[in-house]
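# What the coordinates show
For reference, the chains in residue letters:
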Amino acid sequence: EQPITGHEYHFGTDPIPFNEANEDGSENAIIVRDKTDNWRIKGYYCERSADPDLIADNCINLQDYFFSGLNMIEKNQGGVLIHKYRDRNRLDLLAKKPKKLGENQKFGDVRDSYGWQKANNAEFAYSLMVSEWNKHIHDIECMRYLEEMRGWLKTNHDLLDADVSLMILREDMRQKEAK
């Protein structure tokens, strides 16, 4: 989809594990949603590559194409990708780590500035996604997304995990705007 001038786009990323064997078919996945258009999915990019420079360049290019919105990265595998953004002087494209969302949610080490840790936050994070499905399932037009929904909890679902990162960003933005 073509970006629309004046719209506000944001991203979520589920990075590929660059540091281990990748036998489950994992891909790097980034999803884009339009905040101005009720957070509808506007695009995605998925690629199975062990080249972090290629992945970083393609993610940054997608963000630039959609007017440089913020990208929330899942940090469990995302440290390499965050360093690649830093190497390119593009940390401005990364969402800061949420301070607190929900009850007793801690999003990683306080020394970490960007992204979120899935390890202790998965239940809360996935509840945000399921809540989104309950409200807007009829608005999802992305076939790959719908296919991954069908296999959720049984198969690899990189695009859904990227969307979970975006849901974390959206909830963080919502709480900041409410203050």
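Attention in this report is confined to the structure presented alongside it.

All right, on to the side chain of Thr13 then. Along the chain, the position of Thr13 falls in strand β1 (residues 9–14). Overall, Thr13 belongs to the buried group, its relative accessible area being 0%. Once residues lying within four places of it in the same chain are set aside, the contact partners of Thr13 are Asn28, Ala29, Ile30, Asn71, Met72, Ile73, Glu74, Leu81, Ala162 and Ser165.

Here we come to the packing of helix α1 (residues 52–65) against helix α2 (residues 79–87). Their axes nearest at 9 Å, the elements α1 and α2 cross at an angle of 65°. As far as their axial angle goes, α2 and α1 are roughly perpendicular. Crossing angle aside, the handedness with which α1 passes α2 is right-handed. When α1 is examined against α2, the residues Pro52, Asp53, Ile55, Ala56, Cys59, Ile60 and Gln63 are found in contact with a partner set consisting of Val80, Leu81, Lys84 and Tyr85. Across the contact of α1 with α2, the residue classes break down as 8 nonpolar, 1 polar and 2 charged.

Okay, the sheet that holds strand β4 (residues 71–73) next. Read from one edge of the open sheet, 4 strands run β3-β2-β1-β4, paired in mixed fashion. The open sheet has two edge strands with one neighbour each: β3 (40–47) and β4. The sheet shows a mean angle of 20° between the axes of neighbouring strands, taken without regard to direction. The sheet contact formed by β1 and β4 spans 3 bridges and is parallel. Directly across from Phe11, in β4, lies its bridge partner Asn71. Each of β1, β2 (28–34) and β4 is contacted by α2, which is oriented at about 140° to β4, the strand it contacts most. Sheet strands touched by helix α5 (residues 158–178): β1, β2, β3 and β4. Its angle to β1, the strand with the most contacts, is close to 130°.

Scoring rules and cut-offs
Residues numbered from 1 in each chain as written. Predicted model: local features only at pLDDT ≥ 70, side-chain atom pairs only at ≥ 80, totals over all residues. Heavy atoms only, no water. Helix = DSSP H or I, 4+ residues; strand = E, 2+ residues; numbered from the N terminus. Buried < 20%, exposed > 50% of the residue type's maximum accessible area, 1.4 Å probe, protein only. Contact = heavy atoms within 4.5 Å. Axes fitted to C-alpha atoms, helices over the stretch in contact; angles between N-to-C directions. Parallel < 35°, antiparallel > 145°, perpendicular 65-115°, else oblique. Left-handed = near helix turned anticlockwise from the far one by under 90°. Nonpolar A, V, L, I, M, F, W, Y, C, P; charged D, E, K, R; others polar. Pairing = 2+ DSSP bridges.

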